[in-house]
Amino acid sequence: TDKVAIVTGASRGIGRAIALLLAMQGAKVVCVARTTDDLLDVAHKINGLAVPADISDEDDAQNVVQVALRHYGRLDIIICNAGVGSFNLLENMAADEWDRIFAVNVKGTFLLCKAAAPHFKLQGYGHIIGIASDVSKRTFATGAAYGASKYAQDAVLSALRKEMRPHGVKVSTIYPGLVDTYFNDSRPGSPEAEKTHLRPLDIAQAVRYVLEAPPHVVVDELMLHPLSQEW
Ligand code: NJP
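Report on the accompanying structure. (Residues numbered from 1 in each chain as written. Predicted model: local features only at pLDDT ≥ 70, side-chain atom pairs only at ≥ 80, totals over all residues. Heavy atoms only, no water.)

## A closer look at the overall build of the chain
Okay, so step 1: When you go through the chain residue by residue, the secondary structure sums to seven helices and seven strands.
Okay, so step 2: The secondary structure elements of the chain, listed N-terminal to C-terminal, are β-α-β-α-β-α-β-α-β-α-β-α-α-β.
Okay, so step 3: Relative to a compact globule of 231 residues, whose C-alpha radius of gyration would be 17 Å, the chain shows 17 Å and is just as compact.
Okay, so step 4: Its C-alpha atoms put the chain at 45 × 35 × 35 Å along the principal axes.
Okay, so step 5: Taking all 231 residues of the chain together, the buried fraction comes to 48%.
Okay, so step 6: A sequence separation of at least 24 residues applies to 66% of the contacts in the chain between residues at least 6 apart.
Okay, so step 7: Carbon and sulfur atoms make up 53% of the accessible area of the chain, which totals about 11200 Å².
Okay, so step 8: Each charge sign in the chain was given a centre, from 23 positive and 26 negative side chains, and these centres are 6 Å apart. (Helix = DSSP H or I, 4+ residues; strand = E, 2+ residues; numbered from the N terminus. Rg over C-alpha atoms; globule rule 2.2 N^0.38 Å. Buried < 20%, exposed > 50% of the residue type's maximum accessible area, 1.4 Å probe, protein only. Contact = heavy atoms within 4.5 Å. Areas by Shrake-Rupley, 256 points an atom, 1.4 Å probe, with all protein chains shown as cover. Lys, Arg positive; Asp, Glu negative; His and termini not counted. Charge placed at Lys NZ, Arg CZ, Asp CG, Glu CD.)

Here it is as structure tokens:
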């Protein structure tokens, strides 16, 4: 395809796997994250475009969309994947940690969608894919802040789905269980995680499935877990 996709959080973990798979399928990928070195590495590998940005900043989010349009002359897909999490008993959760999690997971998703929506509406097509979480639909101890942010992100995408549908624009939400990434300061690749976690490529393949739906079909929601995960 000659499709152009923006992937946030493309420097590591799930976003990186999505960027690599989309590029392998012929898409032109605009790679977004804050850390320039990691980002350049991915963009170089796939002959894509690296746009360093903090997705929780409105000017940055607008700029990402503008740069994609200027550089490639079109925009087909945005993947709202960038996200952060940390886990603590509610009474021990610092208020600014709460704010940081919401800034990236909720506001970041909102801001990139806001930047792309007018363009998608005008052209009458486009696909917005959000990487949410299985904890968008359940709660657990120490997960108040992260879980609340993922419920909220899910609500943003669900409301947007209803706004965009009449304009021919698809909004899909993917809800992964445990994935072996750098999330919450983890180190991927341990033999233990191989047994208990999904791999980033599993999520990238879910993205591919969602994108390959025929024009008259939208995959609204897709949840996937490692078989070993009780949830
Ligand atoms: O995490 P990680 P994942 N602006 O840490 C970037 C969800 N999820 O791949 O900015 C722009 O390996 C960051 O780059 P940098 C999760 O909630 C995960 O696991 O340089 N980019 C990096 O590229 C999240 O929504 C699991 O620090 C920002 C990337 O985001 C998504 O999956 C389970 C940014 C994070 O890579 C990807 O997370 C689940 C900002 N402000 C849902 N802040 C799981 N791993 O188990 C961060 O249910 N990034």
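## Some words on the packing of aromatic side chains
Aromatic ring pairs: the centre-centre distance and the angle between the two ring planes describe each pair.
Okay, so step 1: One pass over the full model with this rule turns up five aromatic pairs.
Okay, so step 2: Judged by centre distance (5.9 Å) and plane angle (40 degrees), the ring pair of Phe87 and Phe140 falls under tilted. Of this pair, Phe87 sits in the loop between β4 (77–80) and α4 (95–123) while Phe140 sits in the loop between β5 (127–131) and α5 (144–164), and the two are 53 residues apart along the sequence.
Okay, so step 3: For Phe140, a relative accessible area of 33% translates into the label partly exposed.
Okay, so step 4: Taken together, the aromatic side chains of Phe87, Phe140, Tyr146 and Phe183 make up a single cluster linked through ring pairs.
Okay, so step 5: Taking the ring centre of Tyr175 as reference, the NZ or CZ of Lys137 above it sits at 4.6 Å. (Phe/Tyr/Trp six-rings, centres within 6.5 Å; stacked < 30°, edge-to-face > 60°. Lys NZ or Arg CZ within 6 Å of the ring centre and 35° of its normal.)

## Quick word on the site of the ligand
Okay, so step 1: Taken together, 30 residues are adjacent to the ligand, and Ser11, Thr35, Ser133, Pro176 and Thr181 come closest.
Okay, so step 2: In this structure, an oxygen atom belonging to the ligand sits 2.7 Å away from a side-chain N or O atom of Arg34.
Okay, so step 3: For the ligand, a nitrogen atom lies 2.9 Å from a polar atom in the side chain of Asp54.
Okay, so step 4: Protein contacts shield 96% of the accessible area of the ligand, which totals 900 Å² for the unbound molecule.
Okay, so step 5: According to the grid-proximity analysis, the pocket containing the ligand is the largest pocket.
Okay, so step 6: Secondary structure elements with two or more residues in the shell around the ligand: α1 (13–24) and α5.
Okay, so step 7: Class assignment of the residues belonging to the shell around the ligand gives a composition of 16 nonpolar, nine polar and five charged. (Near = heavy atom within 4 Å. Polar contact = N/O pair within 3.5 Å; in protein donor to acceptor, adjacent residues only side chain to side chain. 1 Å grid on protein atoms, 1.4 Å probe; cavity = no way out; pocket = protein on both sides within 12 Å on 5 of 7 lines; lining within 4 Å. Sits in = over half its atoms within 2 Å of the grid points. Nonpolar A, V, L, I, M, F, W, Y, C, P; charged D, E, K, R; others polar.)

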